[in-house]
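Survey of secondary and tertiary structure
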Amino acid sequence: MGELIDYRLRVNGVERDVAEAWLGESLLYVLRERLGLPGSKNACLQGECGSCSVLMDGKLVCACMVLAASAVGSEIVTVEGLTPGENELSDIQDSFLTEGGVQCGFCTPGLIVSVHDLLEHNPDPTELEVREAISGNLCRCTGYGRILAAVQAVQESRQR
Amino acid sequence: MSTSLRSRQGRLGESVARPDGIPKVRGQFAFSSDLFAEGMLWAHIVRSPHPSAIIRSIDVSAALRIPGVRAVITSDDVPGRKSFGLDYPDQPVFAWEVVRYLGEAIAAVAADHPETARRAAAAIVVEYEPTEPLTDPVEALEAGPIHPLGNVFHRQRVRRGDPEATGAVVVEGYYETGMQDQAQLGPESGLAIPAEDGGIDLYVATQWLHVDQEQISACLALPLDKVRVHLAGVGGAFGAREDLSIQVPISLLALQTGRPVKIVYDREESFLGHVHRHPAYMWYRHHADAEGNLVKVEARIVLDGGAYQSSSFAVTVNAACFAPGPYKVANAVIEAVSVRTNNPPCGAMRGFGATQTCFAYEAQMDKLAAALGIDPIELRLRNALKHGDTLITGQVLKGTAPVAEVIKTCAAAPLPEDDPGTMAELALPGGAGRTADRARIKRGVGFAVGIKNLMFSGGYDDFSEARCRLENGVATVTCAAVEVGQGFVTLAQQITREVLGVDDVILAPATTIGIASAGSTSASRQTWMSGGAVQAACLAVRDRLFESIAAKYGIAALVLEVVDGRVVSLGGEVDVAVLEAASGEVFEETVLYRHPQTFELDENGQGNNNVSYAFAAHRAVVDVDVDLGLVRVVEITTSQDVGRVLNPRQLVGQLEGGIAQGVGLAVMEEIVLDHGRVRNPSFTDYVIPTALDMPPVHIAAFIEQPEPGSPMGAKGAGEPPLVSSHCAVVAAIRAATGLELPRAPVRPQDIALSGTNGSSGRPSHKDIAEVLP
C-alpha cells in the first residue's frame, strides 16, 4: 500500500493523532476505524446516501468522499460532537426519538447532522425546504413522515 | 457488542419510544459494521464477473504473496457442506466448477487492512470460460438444466370449482413487475471471533439467528454449540438478510487465521450479495356476471427465481394463493411457477409473492369495472372477502376479514385540495431542474386493495421461545427475535409491563445461546409469534407469583390479578405492590409458543395452509407531466386491518415506511439486467425515494377488530403497506394518462413514448397462457 503517514485531525474540538495510516483512507474510515467514532455511517461509501454526513469547517459533507489526510487543518464535527454529555440528548436527537423518526437507525446520525445544519442556517424552514434539505439523506424504513414530524417539533419548541 | 436494552415505562396501546432509540440518535448504537476486536483482520470476497461460466482454474498464489495477507479460502477450504440455502442447500458458499450468476462468491481473503484485502482479492486469478447465460425465465422452463436440480423451483397449481365456468363479462391482461431490491441501508457486515473451544462467535445482522446457526454449522462441520450467533445492530432488512451472506466466509477465515475477522460490503457488493424480489410475468383472465360478481379467475404466473432456490418455493405458493386478491370467487384456475435462471438469486422481500400478483389482479379489477360500467370501488366492495368466506384454496376465513371496512374508510377520505397550478416548482413532477410544464400536468387518482398471509404456512412448525425472569422487581426477558428496526424491542417491553405490572424491564441480547429459535423476523410474524411467546412467559411468571402470594395469604391464586402495578384479590384481602410482593424471590419461566397448525396444499392447491390474513387499501393521487413522462406522487391514503393497535406511533412508521417502498416499486426502483449483468448496483442508478419523492401518507383508519387466536388481538402490520400501495400509484398514473401501463415500475418513457416502440426492449411473455397449461 506504499508509504504510511502520520497526521493530526481536529475532531469535535479535540486534536486526534492518526498514525501509520494509508494515504488513501477516507475521512469516514479514519473516524470509524481509527478514532473510535462509528456514529458516522457507511451505507454507500460513495456519496449517495448521506449516512456519513459530518460538518467540515461548518459545511455539510459526506465523510466518505473526503480524503482523511486532506482534512488536516479543518474543524470536523460528527454526530458525536453534536451530542451533549452522558445521558443527554440535543433537542433534535430527542425529537427524533419521541416523534418516531428512528426505526433501524442507520440513517439517523447522518440525518441528525443534516437537520442540525439546516436549522443553524434556516431556523424556520417550510416543509418543502426541510424535504429538500434532507433529500440527500436516504432512509429506507420510515418513509420520512416521522422524521419530518421530528423536525417540525424542534422548530416549534425552539420558537417557544 | 450485543447489549441489553432497559426501559422503565410504557404499556400496550401507548406510543412508547424505542428502548434502543437513545444510542441510535447519539450515534452509539453498535451496528454490525461498527464492531471492533483487538487484532482483527479484514475480509474481502472475490465475485464472478460473469453471469454464467465454467471455472477453469483459481490461482491464489499472487494474493498470498502480498504483505499483510493472512489467508485466502476457496470452496476447497469449506470443511462441511459446501452449499447453503433456506429451503434447500443449492447455493455454493464459494462456486466450484461453475458460476451461475454475476456476483457469485468464488474466494475470500483476510488481511491486516481492508485495502490490502481488496488488492489481494484483485490479485486472485480465476480463469473462466464464459457460457451463454440463460436469463429468460420462460425459456428456462424448456431449456437444458443449468443446475443438477433442474430449472424449476416450484410449480403451484390452485384449482377450485368449475374450470369451464364463464361470465357475461371477461377481461384479460398481461402484467409484469420488475426486480426490486430491499436496499436496506446497513450493508452486509459482521465480525467473527474464533473461540478457545475451537468454535466461533459470530456477530452479525440477520433476520433469523437460529437458522443462520444451523446453516453455518453444516458448512463449518462444527456442532451447533460451537457456532454461537449473536445479533449485532441491524440496519434494516426487508427480506435481504434472511439468506446467508458473509456468515460462512468470515467464520472460516477466523478459524483458519485464529484471529477475529471483520467484513463490510460496499453498496455495489450489497446489491450483488443479497437476494431480490422475484420479477413476475403474469397473464390473467377475469370472468364476472353482469352485476359485477366474480365468476372465475384464471392466472398464469412465472416468477424468475434467479440462480439459486432461496425462498422461491413459498413465494410461488403465495403468488398462486393470492392470485385473485381479497375477493370472493368460486372458480379458479391458477398456475404459478418459479424458475432458475442466470439472473441474480431472488428470495424474500416484504410482501413475498403477494406484492407481485396484487399488481395484476388490481389492474384487472379496474379493467373489469370499466368493462361493466361500474365504479371501481363499488366493484371491489361487491366482491370483498369477509369472515366466513372461502378462499380459492378451500380455506374458510375464520379470522377477521374487514376488507369492506378498509375499502370504505380509505375511499371516503377527502382528496387533497392543492392545485398543480399554484404548487411550488419543487413539488411538481420532476422537481428542481426538470420542472414540468404546469399546463400539461394531469392529475390522477388510483385505488388498490391487497391481501397478505401472516406468519409461516403450509405445515411449517413455526414457533418462538421466550424466557421471563422476575427478580428484585426487575423483569428480564430473553428472546432470539431479531430487531431490524420494526420495534419488537419496544413491544416486548410493553407486553412485559402490561402482564407483570412492573416498570423496570430489561431485554437481554438476542443470541443462539441458551434460548430456542424465535423464528424469522419476516412474514409479519414477530408481533404475534415472539410477542405471544413473551406474553406467555410473563403470564407463567405471574402465575408463579400469584401462587406464592396465595400461599402466604391462604387464599386461592385464581382470585388474584395485577392492577396498576399492584397485586390485588377480588375479595380485597390482598393489595400489595408487585415490587413488594415479588421481593426476595426469583421467578423464571420459559415458554415455547406455537401458532395453530397449518397444512400443506394438495395437488390442486387446496388446504388450510395459513393461520391468518391481513388486508389494506391504498389510494394514490399523482401528478403526471404527460410530455416528459414525469410522475409526482402527491399523496397516499390508507386504511389497514391491524387487529389491535399496540403502539400507535410505531404502527404509523410501519405503514409509512412500507408505502415508501411501494412508491419506489411503482415509479422508481428496479434492478436493471442486461443478459444477467446488473447495470445499476448503486444508489445513483437504483433510486429509492428521498424526502422529496415521498408524499404525505394519510391514515384514514386502523381497522381494529381483534383477531381470534392472536395473543394480543393484533395482526402483523409490516407487509400489507407494500402489497397494494404500488398498485394504487400505477392505477393513478393510468387514470391520469389513459395508458394501459401493464408493468411496474413505470418509467418516464413508458408514458412519454407510449405511442412509439421506444418503451420496449425487454422480453415480454404475453404467451405464457400457452406455455403453462
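The structure presented is a predicted model; accordingly, all values stated were derived computationally and were not measured.

**Thoughts on the overall build of chain B**
Across its full length, chain B carries 18 helices and 34 strands. Radius of gyration (C-alpha) of chain B: 27 Å, near the 28 Å computed for a compact globule of 773 residues. Looking at chain B as a whole, 62% of its 773 residues are labelled buried. Pairs at least 24 residues apart make up 81% of the contacts formed inside chain B by residues separated by at least 6 positions.

**Concerning the overall build of chain A**
For chain A, the count of helices and strands is five helices and five strands. From first element to last, N terminus to C terminus, chain A shows the α and β order β-β-α-β-β-β-α-α-α-α. Taken against the 2.2 N^0.38 rule, which gives 15 Å for 160 residues, the C-alpha radius of gyration of chain A at 16 Å falls within 12% of a compact globule. Overall, chain A is about 50 × 30 × 25 Å in size when its C-alpha atoms are taken along their principal axes.

**Description of the sheet that holds strand S30 (residues 630–641) of chain B**
Residues and elements named next belong to chain B. The four strands are arranged S21-S29-S30-S33 in an open sheet whose pairing can be described as mixed. For this open sheet the edge positions go to strand S21 (441–454) and strand S33 (697–703), each flanked by a neighbour on one side alone. Across the sheet, the mean angle from the axis of one strand to that of its neighbour is 20°, orientation sign disregarded. Examined bridge by bridge, S30 and S33 share six bridges and lie parallel to one another. Following the sheet pairing, Gln640 is matched in S33 by Phe702. Against the sheet, helix H11 (residues 403–412) engages S21, strand S29 (612–625), S30 and S33, with an angle of about 25° to S29.

**Regarding the domain arrangement of chain A**
By a frequent convention, interface size equals the accessible area lost on bringing the separate parts together. All names here are of chain A. Annotation of chain A at the domain level lists domain 1 (4–79) and domain 2 (91–159). One C-alpha centre belongs to domain 1, the other to domain 2, and the line joining them spans 23 Å. Taken residue by residue, the interface counts 13 residues in domain 1 and 11 residues in domain 2. No other element matches the three residues that strand S3 (residues 53–56) contributes to the side of domain 1 that touches domain 2. For the side of domain 1 that touches domain 2, a count of residues per class yields seven nonpolar, five polar and one charged.

**Observations regarding the interface of chain B and chain A**
In this complex, chain B contributes 50 residues to the contact, which on the side of chain A involves 44 residues. Those elements that place two or more of their residues in the side of chain B that touches chain A are helix H1 (21–26), helix H3 (114–123) and helix H15 (648–667) of chain B. If one sorts the elements of the side of chain B that touches chain A by residue count, H15 of chain B sits on top with eight residues. Grouping the amino acids of the side of chain B that touches chain A by side-chain chemistry returns 23 nonpolar, 18 polar and nine charged.

**As for the packing of helix H10 (residues 376–383) of chain B against H11 of chain B**
Residues and elements named next belong to chain B. Where H10 meets H11, the axes come as close as 9 Å, and the angle between the chain directions of the two elements is 160°. One element, H10, and the other, H11, form an angle in the roughly antiparallel class. As for how H10 packs across H11, the hand of that crossing is left-handed. Residue-level contacts link Ile377, Arg380 and Leu381 of H10 to Ala404, Ile407 and Ala411 of H11. Class assignment for the residues of the contact of H10 with H11 results in five nonpolar, no polar and one charged.

**Regarding the environment of Ala307 of chain B**
Residue and element names in this part refer to chain B. In this structure, Ala307 sits in the loop between strand S18 (294–304) and helix H8 (312–321). Note on Ala307: 30 C-beta atoms within 10 Å, which makes it buried. Each C-alpha atom, one on Ala307 and one on Leu272, is 12 Å from the other, the two residues being 35 residues apart in sequence. The contact partners of Ala307, leaving out residues within four places of it in the chain, are Arg100, Tyr101, Arg340, Asn342 and Pro345.

**Observations concerning helix H1 (residues 27–34) of chain A**
All names here are of chain A. The buried fraction of H1 amounts to seven of the eight residues, a majority that puts the element mostly inside the structure. Every buried residue belonging to H1 is among Leu27, Leu28, Tyr29, Val30, Leu31, Arg32 and Glu33, and all of these are buried. Buried residues belonging to H1 abut strand S1 (4–11) and strand S2 (14–22). Looking one or two places after H1, you find Gly36, whose phi comes out positive at around 65°.

**Considering the nonpolar core**
In terms of nonpolar packing, the biggest core is built from 308 residues, with Ala43, Val109, Cys479, Val622 and Val729 of chain B touching the most fellow members. Looking at which domains feed residues into this core, each of domain 1 (4–79) and domain 2 (91–159) of chain A gives three or more. Excluding residues that lie within four positions of it along the chain, Val109 of chain B makes contacts with Ala43, His44, Ala63, Val69, Val72, Ala117, Ala120 and Ala121 of chain B.

**Here's the deal with unusual backbone geometry**
The phi angle of most residues is negative, glycine excepted, and most peptide bonds adopt the trans form. Residues and elements named next belong to chain B. Residue Pro745 follows Ala744 across a cis peptide bond; omega there is 0°. Its identity is not glycine, yet Ala183 carries a phi of approximately 50°, on the positive side. Here Ala183 lies in the loop between strand S11 (169–177) and strand S12 (189–194). For Ala183, a count of 25 C-beta atoms within 10 Å gives the class buried. The backbone of Phe352 shows a phi angle near 50°, a positive value even though the residue is not glycine. Within the secondary structure, Phe352 is located in the loop between strand S20 (346–347) and helix H9 (354–372).

**Quick notes on the environment of Ala666 of chain B**
Topologically, Ala666 of chain B is positioned in helix H15. In this view, Ala666 of chain B contacts His726, Val729, Val730, Ala744, Pro745 and Val746 of chain B; residues no more than four positions away in its chain are not counted.

**Re the pairing of strand S2 (residues 41–47) of chain B**
All names here are of chain B. With seven of seven residues buried, S2 is to be regarded as a mostly interior element. Burial along S2 is two-sided: Leu41, Ala43, Ile45 and Arg47 facing one way and Trp42, His44 and Val46 facing the other are all buried. In this structure, S2 lies alongside strand S15 (residues 261–264), joined through two bridges in parallel fashion. Each bridged residue has a counterpart across the sheet, and for Trp42 the counterpart in S15 is Lys262. Sheet topology note: the S2/strand S8 (residues 105–111) ladder contains six bridges and is antiparallel. Across the sheet, the residue bridging to Ala43 is Ala110, located in S8.

**Remarks on the sheet that holds strand S27 (residues 575–577) of chain B**
Residues and elements named next belong to chain B. Taken in spatial order, the three strands line up as S25-S26-S27 in an open sheet, and their pairing is antiparallel. Each end of this open sheet is capped by a strand with a single partner; those strands are strand S25 (560–563) and S27. Between one strand and the next, the sheet's axes are offset by a mean angle of 25°, whatever the strand orientation.

**Concerning the packing of helix H2 (residues 91–98) of chain A against helix H5 (residues 145–159) of chain A**
Residue and element names in this part refer to chain A. Across the interface, H2 lies against H5 with an axial gap of 8 Å and an inter-helix angle of 135°. Considering the angle they form, H2 stands oblique to H5. Considering the relative orientation of H2 and H5, their crossing is right-handed. Packed against H2, whose contacting residues are Asp91, Ile92, Ser95 and Phe96, the element H5 presents Ala150, Ala153, Val154 and Ser157 at the interface. When the residues that make up the contact of H2 with H5 are grouped by side-chain class, the tally is five nonpolar, two polar and one charged.

Definitions and limits used
Residues numbered from 1 in each chain as written. Chains lettered and ligands numbered in written order. Predicted model: local features only at pLDDT ≥ 70, side-chain atom pairs only at ≥ 80, totals over all residues. Helix = DSSP H or I, 4+ residues; strand = E, 2+ residues; numbered from the N terminus. Rg over C-alpha atoms; globule rule 2.2 N^0.38 Å. Buried ≥ 20, exposed ≤ 12 C-beta atoms within 10 Å, placed from the backbone. Contact = placed C-beta atoms within 7 Å. Pairing = 2+ DSSP bridges. Axes fitted to C-alpha atoms, helices over the stretch in contact; angles between N-to-C directions. Domains from an automatic or database assignment. Nonpolar A, V, L, I, M, F, W, Y, C, P; charged D, E, K, R; others polar. Parallel < 35°, antiparallel > 145°, perpendicular 65-115°, else oblique. Left-handed = near helix turned anticlockwise from the far one by under 90°. Core = buried A, V, L, I, M, F, W, Y, C linked by C-beta atoms within 7 Å.

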